[in-house]
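Descriptive structure summary
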Amino acid sequence: MRDVLSLILVVVLLSGCAGSPRWVWKHHENSDEQTREDMEICRRQAFQGVPGMPMMSPDLGADLYEERQDLIRDCMKGKGYYYEKVKRPQN
């Protein structure tokens, strides 16, 4: 029994060292600086509402966050961005 617990502990510790992946917006032509600028524009549009984008209603509750994330994602995709998984560097 003690060996099983030790094995579980080792597996848990090693899985924490692997480094979890994260998702980033990428564009074939744009620099990181342009990506940050476009993300800021999309965030602003999602939080303020602009012509052509739906306004969020205050009665959405917890769904408000998801709706804003959807608006940001749609905006970024509309600008030609795509999500790419990158592995975090290990410390």
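Structure first, text after, so check above.
Residues numbered from 1 in each chain as written. Predicted model: local features only at pLDDT ≥ 70, side-chain atom pairs only at ≥ 80, totals over all residues. Heavy atoms only, no water.

Describing the state of the cysteines
When the sulfur atoms of two cysteines share a covalent bond, that bond is a disulfide. Within this structure, the stated rule accounts for one disulfide. Covalent S-S linkage joins Cys 42 and Cys 75, the inter-sulfur distance amounting to 2.0 Å. Residues Cys 42 and Cys 75 are joined by a disulfide whose S-S torsion is about -70°; by sign, that bridge is left-handed. Pair noted here: Cys 42 is in helix α2 (residues 32-48) and Cys 75 is in helix α3 (residues 63-78), with a separation of 33 residues, a long-range link. One exposure class covers both Cys 42 and Cys 75, and it is buried. (Disulfide = S-S within 2.5 Å. Helix = DSSP H or I, 4+ residues; strand = E, 2+ residues; numbered from the N terminus. Buried < 20%, exposed > 50% of the residue type's maximum accessible area, 1.4 Å probe, protein only.)

Topic: the nonpolar core
Core analysis: the biggest nonpolar cluster contains nine residues, these being Trp 25, Met 39, Cys 42, Ala 46, Leu 71, Ile 72, Cys 75, Met 76 and Tyr 81. Secondary structure elements with two or more residues in this core: α2 and α3. Of all the elements, α3 adds the most residues to this core, at four residues. Residues contacting Ile 72, with those up to four places away along its chain left out, are Met 39, Cys 42, Arg 43, Ala 46 and Phe 47. (Core = buried A, V, L, I, M, F, W, Y, C linked by side-chain atoms within 4.5 Å. Contact = heavy atoms within 4.5 Å.)

Details of the environment of Val 86
Here Val 86 lies in strand β2 (residues 82-87). Along the backbone, Val 86 and Trp 23 are 63 residues apart, and their C-alpha atoms lie at a distance of 6.1 Å. In this structure Val 86 touches Pro 21, Arg 22 and Val 24, once residues within four positions along its chain are discounted.

Here's the deal with α2
The end-to-end C-alpha distance of α2 is 24 Å, a good match for the 24 Å that 17 residues give at a rise of 1.5 Å each. Every buried residue of α2 is accounted for by Thr 35, Asp 38, Met 39, Cys 42 and Ala 46. All buried residues of α2 project into a common sector of 105° when viewed along the axis, lining one side. In this structure, α2 carries Arg 36 and Gln 48 as exposed residues pointing more than 90 degrees from its buried face. (Expected span 1.5 Å × (residues − 1). Arc of directions from axis to C-beta.)

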